[in-house]
Amino acid sequence: MAIVSAPFGKEYCDEWVKQAKEYDQSKMGVKGLLDSGVTTIPSIFTHPSEDLNDLKPSSRNLEIPIIDLSMMINDRLKIAHQIKESFSSWGFFQVINHGIPIQVIEETIKAFKCFHEEPMIKDRYVWDEKVSYYSNFNIFKSKAVNWKDSLRVLTSPNPPEKETIPNVCRKELMAWDEYMKSLCETLMELMCEGLGVSSNRLKELSCLQMRKLLCHSYPYCPQPDLTMGLPTHTDRGLLTLLLQNEVSGLQVKYDDEWVEVKPIPGAIIVNVGDLLQIISNDQFKSVEHRVLANPYKEPRISVAVIFNPGKCDESDYYGPLPELLSQENPGLYRNFTIPEILGHEQTDNCVKIIVDLCKISGQGIEEIAN
Ligand SMILES: O=C(O)CCC(=O)C(=O)O
Ligand SMILES: [Fe+2]
């Protein structure tokens, strides 16, 4: 294979697109490449050097906040304030003691690992099925291909079309979606209480209704210094609930430094997306994060459930909650509709594009969601 770096100059660009197309059409994914015996990464995976020069996490002993949900019974308001504080400073926290049995968590990871990892020769059926769900999101609009494989399923409306979910992990996927919906409902109530608005406010805005499940697998990478698992981005939706296995790799930007999110068995990572930053009028922050290419033999598995508003007509407007606005706290964003957001181009490395899209300069906003 010819040496091709990231798509600068036209010739390189043509060659890059050709090779990326070949890779995409083969539907083999990164796992398939590894199974075919590659010991170095094909050059289409090489990320630009500016994205690779600060891969080391901060040497300061920083950790994203941990919220113990079992303490909610004793002091609900305290937990609501912890959530608000975590979201306004970090945009992230890990939740523990959330009530989801550890066996369910282990079975979920096992089922998704099975989907991504079954080798093609051992079990044809699993491989064929995996190929039929192959997705490499906007590969040609990215700077380079990422060293990961992903499964994407729209889990709402519930139940989703049967054929959109792989057989090998259908049962676990549907169960996980229910667990996440229920945990998210509790967290959204606490978020509202932390903001000082009515507990059901986000639910009533249909914020639990539209869910997308992304299951990523980051297989071993022989040259992790040259590529990324998932480049720097912010999530576009409202809220993301993420399960990770014991293999680290996720980093969050804090104070201009990258902080590693240490795997805690059974914990769920929760983070603010662009839409929630807008709705909270900047009280919650949508924060940059990324995943390094995995240097370990064990694959990194993560399962993200992304929540979005379910009312998606041209006439359904969302924007900063009016209860949060005052003379001293004017609205910082204009209203938006979901079709408008969906119409906006998306790649794996978008940073705050929706926040920027809706930001208004000057004071006040023209229209307010109600
Ligand atoms: O795989 C991970 O740990 C993070 C995934 C992520 O950030 C995303 O899907 O938006
Ligand atoms: Fe993300």
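No experiment lies behind these values; they were computed from the predicted model shown.

### Description of the layout of surface pockets
Space left empty within the atom packing is revealed by a probe, the size of a water molecule, rolled over the atoms.
Then step 1. Here the largest pocket defines a volume of roughly 730 Å³.
Then step 2. Lining the largest pocket are 38 residues, and of these Lys-212, Leu-214, Arg-236, Ile-306 and Gln-346 sit closest to its centre.
Then step 3. Broken down by element, the lining of the largest pocket gets its largest block of residues, six residues, from strand β4 (residues 210-218).
Then step 4. Along the lines of polarity and charge, the residues of the lining of the largest pocket split into 19 nonpolar, 11 polar and eight charged.

### Overview of the UniProt feature "domain: Fe2OG dioxygenase" (unreviewed entry) in the protein
Then step 1. As recorded in UniProt, the sites labelled "domain: Fe2OG dioxygenase" (unreviewed entry) are residues 203-309.
Then step 2. In residues 203-309, helix accounts for 7% and strand for 45%; the two terminal C-alpha atoms are 9 Å from one another.

### Observations concerning the site of ligand 1
Then step 1. Near ligand 1 you find Leu-214, His-216, Tyr-218, Leu-230, His-233, Asp-235, Leu-242, Leu-250, His-289, Val-291, Arg-300 and Ser-302, and these make up its full shell.
Then step 2. Between ligand 1 and His-233, the relevant distance is 3.1 Å, taken from an oxygen atom to a side-chain nitrogen or oxygen of the residue.
Then step 3. Within the complex, the protein chains bury 95% of what would otherwise be the 300 Å² of accessible surface of ligand 1.
Then step 4. When atom positions are compared with the pocket grids, ligand 1 is found to occupy the largest pocket.
Then step 5. Secondary structure elements with two or more residues in the shell around ligand 1: β4, β5 (228-233), β10 (289-292) and β11 (300-308).
Then step 6. In terms of residue count, β4 provides more of the shell around ligand 1 than any other element does, three residues in total.

### So, the environment of Ser-302
Then step 1. With respect to the helices, strands and loops of the structure, Ser-302 is situated in strand β11.
Then step 2. In this structure, the C-alpha to C-alpha distance between Ser-302 and Val-355, residues 53 residues apart in sequence, is 25 Å.
Then step 3. Excluding anything up to four places from it in sequence, Ser-302 contacts Leu-214, Cys-215, His-216, Tyr-218, Leu-242, Leu-243 and Gln-244.

### Overview of the pattern of salt bridges
Then step 1. The final tally for this structure, using the stated rule, is 15 salt bridges.
Then step 2. Linking Lys-253 and Glu-288 is a salt bridge whose minimum nitrogen-to-oxygen distance equals 3.5 Å. Placement of Lys-253 in strand β7 (residues 250-254) and of Glu-288 in the loop between α8 (274-279) and β10 is noted, with a sequence separation of 35 residues between them.
Then step 3. Taking relative accessible area as the criterion, Lys-253 reaches 25% and is therefore assigned partly exposed.
Then step 4. Within the structure, one salt-bridge network assembled from shared partners comprises Arg-60, Asp-255 and Glu-257.

### Brief notes about the nonpolar core
Then step 1. With 65 residues, the main nonpolar core has Trp-176, Leu-239 and Leu-241 as its most contacted residues.
Then step 2. Ranked by residue count, the leading element in this core is helix α6 (residues 170-195), at 11 residues.

### Describing empty space enclosed by the protein
Then step 1. On inspection of all chains with the given rule, the structure shows three cavities of 30 Å³ or more.
Then step 2. In this structure, the largest cavity spans a volume of roughly 160 Å³.
Then step 3. Tyr-134, Ser-135, Lys-148, Asp-149 and Ser-150 are, among the 17 residues lining the largest cavity, the residues nearest its centre.
Then step 4. Of all the elements in the fold, those that place two or more residues in the lining of the largest cavity are α4 (102-117) and β3 (149-154).
Then step 5. When residues of the lining of the largest cavity are assigned to their parent elements, the largest contribution, three residues, is made by β3.
Then step 6. Here the lining of the largest cavity is composed, by residue class, of five nonpolar, six polar and six charged.
Then step 7. The space that makes up the second largest cavity amounts to roughly 40 Å³.
Then step 8. Surrounding the second largest cavity, His-47, Asp-51, Ser-142, Lys-143, Ala-144, Pro-231 and Asn-349 form its lining.
Then step 9. A breakdown of the residues in the lining of the second largest cavity according to their chemical character gives two nonpolar, three polar and two charged.

Reading the values: the criteria
Residues numbered from 1 in each chain as written. Chains lettered and ligands numbered in written order. Predicted model: local features only at pLDDT ≥ 70, side-chain atom pairs only at ≥ 80, totals over all residues. Heavy atoms only, no water. 1 Å grid on protein atoms, 1.4 Å probe; cavity = no way out; pocket = protein on both sides within 12 Å on 5 of 7 lines; lining within 4 Å. Points joined across faces, edges and corners; volume = space filled by probe spheres on them. Helix = DSSP H or I, 4+ residues; strand = E, 2+ residues; numbered from the N terminus. Nonpolar A, V, L, I, M, F, W, Y, C, P; charged D, E, K, R; others polar. UniProt positions renumbered as here; feature names shortened; annotations may be inferred. Near = heavy atom within 4 Å. Polar contact = N/O pair within 3.5 Å; in protein donor to acceptor, adjacent residues only side chain to side chain. Areas by Shrake-Rupley, 256 points an atom, 1.4 Å probe, with all protein chains shown as cover. Sits in = over half its atoms within 2 Å of the grid points. Contact = heavy atoms within 4.5 Å. Salt bridge = Lys/Arg side-chain N within 4 Å of Asp/Glu carboxyl O. Buried < 20%, exposed > 50% of the residue type's maximum accessible area, 1.4 Å probe, protein only. Core = buried A, V, L, I, M, F, W, Y, C linked by side-chain atoms within 4.5 Å.

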